[in-house]
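Coordinates in review
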Amino acid sequence: MEQYDMQDYGYLQKLNNDEFVRIIDEMIDLEEVAEAFCILRDRNTEKALELGTAIIEQDKGDEYLQASIWNFMFFEHPKELVCAADKRENEIGRALLDDMIMDLTDSEADISRDFLCKIASRYNAIEPEDRTEMQCSRWFLEQGKILTKKGYLL
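Figured I'd write up the structure that's included with this text.

Conventions adopted
Residues numbered from 1 in each chain as written. Predicted model: local features only at pLDDT ≥ 70, side-chain atom pairs only at ≥ 80, totals over all residues. Heavy atoms only, no water. 1 Å grid on protein atoms, 1.4 Å probe; cavity = no way out; pocket = protein on both sides within 12 Å on 5 of 7 lines; lining within 4 Å. Points joined across faces, edges and corners; volume = space filled by probe spheres on them. Helix = DSSP H or I, 4+ residues; strand = E, 2+ residues; numbered from the N terminus. Axes fitted to C-alpha atoms, helices over the stretch in contact; angles between N-to-C directions. Parallel < 35°, antiparallel > 145°, perpendicular 65-115°, else oblique. Left-handed = near helix turned anticlockwise from the far one by under 90°. Contact = heavy atoms within 4.5 Å. Nonpolar A, V, L, I, M, F, W, Y, C, P; charged D, E, K, R; others polar. Expected span 1.5 Å × (residues − 1). Buried < 20%, exposed > 50% of the residue type's maximum accessible area, 1.4 Å probe, protein only. Salt bridge = Lys/Arg side-chain N within 4 Å of Asp/Glu carboxyl O.

1. What to know about the layout of surface pockets
One number sums up the size of the largest pocket: a volume of about 180 Å³. Taken together, Glu63, Tyr64, Ala67, Arg94, Ala95, Asp98, Asp99, Asp130, Glu133, Met134 and Gln135 form the lining of the largest pocket. Among the elements of the structure, α4 (63-73) and α6 (94-105) are those that each provide at least two residues to the lining of the largest pocket. Ranked by the residues each element gives to the lining of the largest pocket, the list is headed by α6, at 4 residues.

2. Details of the packing of helix α3 (residues 45-57) against α4
Two numbers describe how α3 lies on α4: the axes approach to 10 Å, and their chain directions differ by 140°. The angle between α3 and α4 falls in the class oblique. In this structure, α3 meets α4 at a crossing whose hand is left-handed. Along the contact surface, α3 presents Thr45, Ala48, Leu49, Gly52, Ile55 and Ile56, while α4 presents Leu65, Gln66, Ile69, Trp70 and Met73. Looking at the contact of α3 with α4 residue by residue, the class counts come to 8 nonpolar, 3 polar and no charged.

3. Here's the deal with α6
In a regular helix each residue adds 1.5 Å, so 12 residues correspond to 16 Å; α6 covers 16 Å between its end C-alpha atoms and thus fits that length. For α6, a buried count of 10 out of 12 residues is recorded, marking the element as mostly surrounded by other parts of the structure. Looking at α6, one finds that the buried residues are Ala95, Leu96, Leu97, Asp98, Asp99, Met100, Ile101, Asp103, Leu104 and Thr105.

4. A short note on the pattern of salt bridges
One pass over the full model with this rule turns up 8 salt bridges. Among the ionic pairs, Glu91 bridges to Arg122, the shortest N-O distance being 3.4 Å. Note that Glu91 is positioned in the loop between α5 (78-87) and α6 and Arg122 in helix α7 (residues 113-125), a separation of 31 residues in sequence. Arg122 gets classed as buried once you look at its relative accessible area, which sits at 14%. In this structure, a network of salt bridges that share partners links the residues Arg94, Asp130 and Glu133.

5. Here we look at the packing of helix α2 (residues 30-43) against α3
Where α2 contacts α3, the axes come no closer than 6 Å and their chain directions differ by 140°. In this view, α2 runs oblique relative to α3, as classed from their interaxial angle. Judged by residue contacts, Phe37, Leu40, Arg41 and Arg43 of α2 engage Thr45, Lys47, Ala48, Leu51 and Gly52 from α3. Residues belonging to the contact of α2 with α3 are distributed by class as follows: 4 nonpolar, 2 polar and 3 charged.

6. Side note on the environment of Asn17
By the element assignment, Asn17 lies in helix α1 (residues 17-26). Using a relative accessible area of 24% as the deciding quantity, one classes Asn17 as partly exposed. Counting along the chain gives 20 residues from Asn17 to Phe37, while the straight-line C-alpha distance between them is 9.9 Å. Contacts of Asn17, omitting those with residues within four sequence positions, involve Leu40, Arg43 and Asn44.

Geometric descriptors of this kind do not, in isolation, establish any biological role.
Here is the structure:
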């Protein structure tokens, strides 16, 4: 059985906002980045939103960090996160895509048909056997729940 070396990030509580920004910008330890981001979000939401949208739009870190940022910020700032994801040039990773589909299905966020089609296209590009690991299911897209709720039909 593999043992994980659980890092204690308690020291982060003593840092100032500039130090959080440095940790987030450097992207050395992605768990530390996620912890620093959470603390920064509580202390300075606007700065966290700026950094979080850049992480999603510019594909920084990995898909799990991006999914965490999405989860930390989406329901407070859906428009900004959808905009960042829509501007993204790189392919959306499965972890982020999974959270996006789940959250957008349960959200009242105003999203464009083009963005919904982009999400559906990315989902359809994933191998069927790989989709089984995702929390969302094909049902969301096949039944059109997300699209119907938003007033769109593909």
